[in-house]
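If you want the building blocks of each chain, they are given just below.
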Amino acid sequence: EKGGFDHFMLKEIHEQPKAITDTYRGRLLRQEAIIKMAGVEDNMKKFLNADRIIIVACGTSWHAGLVAEYIFEDLARVPVEVEYASEFRYRNPIITEKDVLIAISQSGETADTLAAIKLAKSKGAFVFGVCNVVGSSIARETHAGAYTHAGPEIGVASTKAFTTQITVLTLIALRLARAKGTISSSDFRHHLLELEMIPKKVEESLKSDAHIQKISEIYKDVSNFLYLGRGYNFPVALEGALKLKEISYIHAEGYPAAEMKHGPIALIDENMPIVVIATKKGHYEKVVSNIQEIKSRKGKIIGIVTEGDTQVRELADHVIEVPETLESLSPLLTTIPLQLLSYHIAVMLGKNVDQPRNLAKSVTVE
Ligand code: M6R
């Protein structure tokens, strides 16, 4: 049932090329240059009239929401707020009929997310669900939605659910951008083409596995890790840190790279490994200077870089390459090595990767 893999998590990491393909199949029609999503199409007026989009989710799904914030604002030019469902629901939030709320949940059973949906509905907002589990409570409670079609995710640490959530949200953002005219037709086509190439590039990224194992061996006994990224890859840094905490029980923090100088830089010494997402597009030069700051404090640098990168390679202790893509799609690739890094470290430490202590696959308590 694990398909020859030692753990469900590893199987699910490797399933991502297929899962992402399944997610956009029948929706991304490149020849016709259109995106077809019934749940969006049928409610286009609601989306177009929305003053803003509020995204609610927990954990990894919340990280997917943060990535979506960048994509929606960038492409569809609609203001987005991303909220922890548990905070949103308890703070008497301002919700009107002109709001669209997108709830993201792999399981579709997360109690806080479900409660946030009910609250938004009671205030007249239009609620759209992005779930993986078909027929789940959240899928039923929302007005409309789009499934991720990732297939069952058994490992408690979410992997393919995350990348397929980002895929669905990217499709929605592109569809809205087209409807609003905030993206040119050539740019739109370019995005479709690049998105269609992502599964192959994820496969490429997975080939770094042996190299990542070696890096894991070097750092598996440390007690702290930092993860840094900017722009689209800031949420990926958060996700990388969560993955490591969850299954290896090593303390890890994700930060926007530029925030480092406002505090976390004090943590850096020769014992601190810092994973820096430094892909070519997207604030590359700025990230390189962040790396220089780390280097001068003797931190150990693991750079996630674009294939062929030389600048970061010169500074970093290790680099892990991912293929080049659009900045907006880069989280789908940069996430992969971070999943593998946490997986290998946890395995080397003898942890229960698929069922980490204190955690459940779906959190149905508030
Ligand atoms: O099923 P959901 O997407 O609503 O779950 C949300 C979180 O509980 C979940 O993403 C959790 O953070 C994962 N274990 C992370 O790997």
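The rules behind these values
- Residues numbered from 1 in each chain as written.
- Predicted model: local features only at pLDDT ≥ 70, side-chain atom pairs only at ≥ 80, totals over all residues.
- Heavy atoms only, no water.
- Buried < 20%, exposed > 50% of the residue type's maximum accessible area, 1.4 Å probe, protein only.
- Helix = DSSP H or I, 4+ residues; strand = E, 2+ residues; numbered from the N terminus.
- Pairing = 2+ DSSP bridges.
- Right-handed = clockwise from strand over helix to strand, strands pointing away.
- pLDDT = per-residue confidence, 0-100.
- Core = buried A, V, L, I, M, F, W, Y, C linked by side-chain atoms within 4.5 Å.
- Contact = heavy atoms within 4.5 Å.
- Near = heavy atom within 4 Å.
- Polar contact = N/O pair within 3.5 Å; in protein donor to acceptor, adjacent residues only side chain to side chain.
- Areas by Shrake-Rupley, 256 points an atom, 1.4 Å probe, with all protein chains shown as cover.
- 1 Å grid on protein atoms, 1.4 Å probe; cavity = no way out; pocket = protein on both sides within 12 Å on 5 of 7 lines; lining within 4 Å.
- Sits in = over half its atoms within 2 Å of the grid points.
- Nonpolar A, V, L, I, M, F, W, Y, C, P; charged D, E, K, R; others polar.

Some details on the pairing of strand β6 (residues 126–131)
Where burial is concerned, most of β6 is hidden: 6 out of the 6 residues are buried. Here β6 shows two buried faces, one formed by Phe-126, Phe-128 and Val-130 and the other by Val-127, Gly-129 and Cys-131. The pairing of strand β5 (residues 99–105) with β6 spans 6 bridges and is parallel. In the strand pairing of β6, Ser-105 is matched with Cys-131. Of the crossover connections in this fold, the one passing from β5 over helix α7 (residues 111–122) to the parallel β6 is right-handed. The pairing of β6 with strand β7 (residues 144–147) spans 4 bridges and is parallel. Note on β7: the bridge partner recorded for Phe-128 is Ala-144.

Concerning the pairing of strand β9 (residues 251–256)
Across 6 bridges, the pairing between strand β8 (residues 224–229) and β9 is parallel. Counted as the bridge partner of Leu-228 is Tyr-255 from β9. In this fold, β8 hands off to helix α12 (residues 234–248), which returns the chain to β9; that crossover is right-handed.

A short note on the confidence of the model for the protein chain
Summing up the model confidence of the protein chain, the mean pLDDT is 96 and the portion of residues at 70 or higher is 100%. Taken over the whole predicted complex, pTM reads 0.97, whereas the ipTM for its chain interfaces reads 0.99.

Description of the nonpolar core
Across soluble globular proteins, you tend to see nonpolar side chains buried next to one another. Judged by nonpolar contacts, the single largest core of 87 residues is most densely connected at Phe-72, Ile-102, Phe-128, Phe-225 and Tyr-227. Once you skip the residues sitting within four places of it in the chain, Phe-72 turns out to touch Ile-53, Arg-77, Val-78, Val-80, Ile-102, Leu-169, Ile-172, Ala-173 and Leu-176. Listed in part, the 21 residues of the second largest apolar core include Ala-257, Met-272, Val-276 and Val-305.

Here's the deal with the site of the ligand
Near the ligand, the surroundings consist of 14 residues, among which Ser-61, Ser-105, Ser-107, Thr-110 and Glu-246 are the closest. Here an oxygen atom of the ligand and a backbone polar atom of Thr-60 are 3.1 Å apart. Between the ligand and Ser-105, the relevant distance is 2.6 Å, taken from an oxygen atom to a side-chain nitrogen or oxygen of the residue. Notes on the ligand: free accessible area 410 Å², of which the protein chains cover 91%. In this structure, the ligand is accommodated by the largest pocket. Of all elements in the fold, only α5 (59–76) and α12 reach the threshold of two or more residues within the shell around the ligand. Counting residues per element, the shell around the ligand draws most heavily on α5, which supplies 3 residues. Split by residue class, the shell around the ligand holds 4 nonpolar, 8 polar and 2 charged.

Some words on the environment of Lys-245
Along the chain, the position of Lys-245 falls in helix α12. Separated by 90 residues in sequence, Lys-245 and Gly-155 place their C-alpha atoms 15 Å apart. Once you skip the residues sitting within four places of it in the chain, Lys-245 turns out to touch Ile-250 and Ala-252.

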